[in-house]
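Chain by chain, the residues run as shown.
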Amino acid sequence: MMKSISELRQDLVSGDWVVIATGRAKRPHEFSKTKRPSFVQPKKLCPFETLHNDAVSVYAIDGERGKENWWVEVIPNKYPAFGKGGVCAVFHNAGPYQRTDGVGFHEVVVTRDHERSIGRMTKEEVEVILRAYQDRYFALKNDACVEYISVFHNHGVLAGASISHPHSQIIAIPVVPPDIQRSLEGSARYFHKHQTCVHCEMVRHEIKEKKRVIYENDVFAVFAPYASKIAFEMRVFPKFHSPHFEEMSSRDREACADALRAALAKLYKGLKNPDFNFFIHTAPVGESKEFRHYHWHLEIIPKTGIWAGFEIGTGIEISVIAPETAAAFLRKIKV
Ligand SMILES: [Zn+2]
Ligand SMILES: [Zn+2]
């Protein structure tokens, strides 16, 4: 039988199909952005150089004290996508459509160094970022309007960062977003059929098979998903079952910082500082029993390709490198 030039793979949770087009394969190093200029705004135009008076939280590295030693500050977004005002959780009809007010919170998590991205930070520095995410998550989840809290990070122009100074964002919104809804439904479906968590199953399989593992420590594993949507996509999973990101212990947080730092350092070195997004997928705010089948994780999406007509028109993405090849390449990079 003739070998097929591409392979369709299905994601176990979302049911999404992707195309691994090995017939159009590139070598891993061809993805590095050596020829693209990296985007760094001058410091004097940077809005994140000084500690803000309206900062909602300020953090120093463990063992250091005082505002002058700040490493992370959390500030309200100056141009929020969601904010105070309006009425929450009231849905109105607008003809055949539905609408509700964009009530919520939009905060920015800034690290002090103007240029050094997470892949170039120490484990201790990354741990403080995660602590800020976690603290703000707890603070925002108590608001009656909040249904979901999205924590994400854009690195580089292609990833949508309008300010080059490293920062993450936290957006608390009054609805459960569609991607989370599908992920929840997928894991619930699997749970009812097999009485086990689909993500635990995947983590177990990946660690055993090793083909797509990029990095692991005692508590976290980083791997390239079997149905990777884009070349060099990575997921960071706690090896233990937990629906809620915010419930991570301080020991787990250290291990998470280690895994996230390692993944981004490998990306930085291996692909020469590509643009990327990462985000946390966690259970919605609210009654935890309802989401006990869910398993929180981080997804890292490098900007190694762009969505064209086929992707936009079908929701099927074409990846031009096999996840196994991408993982083998990243696994070898010392960080
Ligand atoms: Zn700056
Ligand atoms: Zn699980």
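Because the structure is predicted, anything quoted here is derived from the model rather than measured.

We now examine empty space enclosed by the protein. The full count for this structure, using the stated rule, is one cavity of 30 Å³ or more. In terms of residue count, the dominant contributor to the lining of the largest cavity is helix α4 (residues 250–270) (three residues). Within the lining of the largest cavity, the residues separate by chemical class into five nonpolar, four polar and no charged.

Note on the zinc ion (ligand 1): its protein donors are Cys46 (SG), Glu49 (OE), His114 (ND1) and His165 (ND1). The metal-donor distances range over 1.9 to 2.2 Å. Seen from the zinc ion (ligand 1), its four donor atoms lie at angles of 97 to 123°, and the figure they make is tetrahedral. Going along the chain, you hit the donors of the zinc ion (ligand 1) in the pattern C-x2-E-x64-H-x50-H. Residue His114 is found in the loop between β7 (105–111) and α1 (123–141), and its partner His165 is found in the loop between β8 (148–155) and β9 (167–173); the two are separated by 51 residues along the sequence. Of the two residues examined, His114 and His165, each falls in the buried class.

Attention shifts here to the packing of α1 against α4. Across the interface, α1 lies against α4 with an axial gap of 8 Å and an inter-helix angle of 115°. Crossing hand, α1 versus α4: right-handed. Contacts between α1 and α4 involve Lys123, Val126, Glu127, Leu130, Arg131 and Gln134 from the first element and Arg253, Glu254, Cys256, Ala257, Asp258, Leu260 and Arg261 from the second. Residue composition of the contact of α1 with α4, grouped by class: five nonpolar, one polar and seven charged.

Within the open sheet, the three strands sit side by side as β1-β2-β15. Their pairing is mixed. Looking at the sheet topology across the chains shown, the edges are occupied by β1 (7–10) and β15 (317–319). Neighbour-to-neighbour, the strand axes of the sheet open up by a mean angle of 30°, direction not taken into account. By the bridge criterion, four bridges tie β1 to strand β2 (residues 17–20) in an arrangement that is antiparallel. Paired with Leu8 across the bridge in β2 is Val19.

All right, on to the sheet that holds β9 then. Paired through their backbone hydrogen bonds, the strands of a sheet run either parallel or antiparallel. The ten strands are arranged β3-β4-β7-β9-β8-β13-β14-β12-β11-β10 in an open sheet whose pairing can be described as antiparallel. Because the sheet does not close on itself, it has two edges, and the strands there are β3 (57–60) and β10 (213–216). Adjacent strand axes in the sheet meet at a mean angle of 15°, parallel and antiparallel pairs treated alike. Judged from the six bridges that link them, strand β13 (residues 276–281) and strand β14 (residues 297–302) form a sheet pairing that is antiparallel. Across the sheet, Ile280 pairs through a bridge with Leu298, a residue of β14.

Turning our attention to the packing of aromatic side chains. Within the structure shown, the criterion is met by six aromatic pairs. Seen in terms of ring centroids, Phe232 and Phe329 are 6.0 Å apart; in terms of plane orientation they differ by 70°. Their pairing is edge-to-face. With Phe232 in the loop between β11 (220–223) and β12 (234–238) and Phe329 in helix α6 (residues 323–332), this residue pair connects regions lying 97 residues apart in the sequence. Phe232 sits in the buried class, given a relative accessible area of 2%. On the numbers, 5.3 Å between centres and 75° between planes, the contact of Phe245 with Trp296 is edge-to-face. Linking Phe245 in the loop between β12 and α4 with Trp296 in the loop between β13 and β14, this pair joins segments that are 51 residues apart in sequence. Its relative accessible area of 1% is what places Phe245 among the buried residues. What links up through ring pairs into an aromatic cluster is the set Tyr137, Phe220, Phe245 and Trp296.

Right, let's talk about the nonpolar core for a bit. Judged by nonpolar contacts, the single largest core of 56 residues is most densely connected at Tyr133, Ile149, Phe220, Phe232, Phe278 and Ile300. Apart from the residues within four sequence positions on either side, Phe220 is in contact with Tyr215, Val236, Phe237, Pro238, Lys239, Met248, Asp252, Ala255, Cys256, Ala259 and Trp296. Core analysis: the next-biggest nonpolar cluster, separate from the first, contains nine residues, Tyr148, Phe152, Ile171 and Tyr294 among them.

This part takes up α4. Helix length check: α4, at 21 residues, gives a terminal C-alpha distance of 30 Å against a target of 30 Å (1.5 Å per residue), a fit within 8%. With 16 of 21 residues buried, α4 lies mostly within the body of the structure. Just downstream of α4, Lys272 is the residue with a positive phi angle, here 55°.

What follows is about the pairing of β7. Counting buried residues in β7 gives six out of seven residues, a clear majority hidden from the surface. Note that strand β4 (residues 70–76) and β7 share five bridges and pair antiparallel. When the bridges of β7 are listed, Glu73 appears paired with Val110. Here six bridges tie β7 to β9, and the two strands are oriented antiparallel to one another. Counterpart to His106 in the pairing with β9 is Ile171.

Cut-off values and rules
- Residues numbered from 1 in each chain as written.
- Chains lettered and ligands numbered in written order.
- Predicted model: local features only at pLDDT ≥ 70, side-chain atom pairs only at ≥ 80, totals over all residues.
- Heavy atoms only, no water.
- 1 Å grid on protein atoms, 1.4 Å probe; cavity = no way out; pocket = protein on both sides within 12 Å on 5 of 7 lines; lining within 4 Å.
- Points joined across faces, edges and corners; volume = space filled by probe spheres on them.
- Helix = DSSP H or I, 4+ residues; strand = E, 2+ residues; numbered from the N terminus.
- Nonpolar A, V, L, I, M, F, W, Y, C, P; charged D, E, K, R; others polar.
- Donors = N, O, S within 2.8 Å, 3.2 Å for Na, K, Ca; no water.
- Tetrahedral: all angles 85-135°; square planar, octahedral: opposite > 155°, others 65-115°.
- Buried < 20%, exposed > 50% of the residue type's maximum accessible area, 1.4 Å probe, protein only.
- Axes fitted to C-alpha atoms, helices over the stretch in contact; angles between N-to-C directions.
- Left-handed = near helix turned anticlockwise from the far one by under 90°.
- Contact = heavy atoms within 4.5 Å.
- Pairing = 2+ DSSP bridges.
- Phe/Tyr/Trp six-rings, centres within 6.5 Å; stacked < 30°, edge-to-face > 60°.
- Core = buried A, V, L, I, M, F, W, Y, C linked by side-chain atoms within 4.5 Å.
- Expected span 1.5 Å × (residues − 1).

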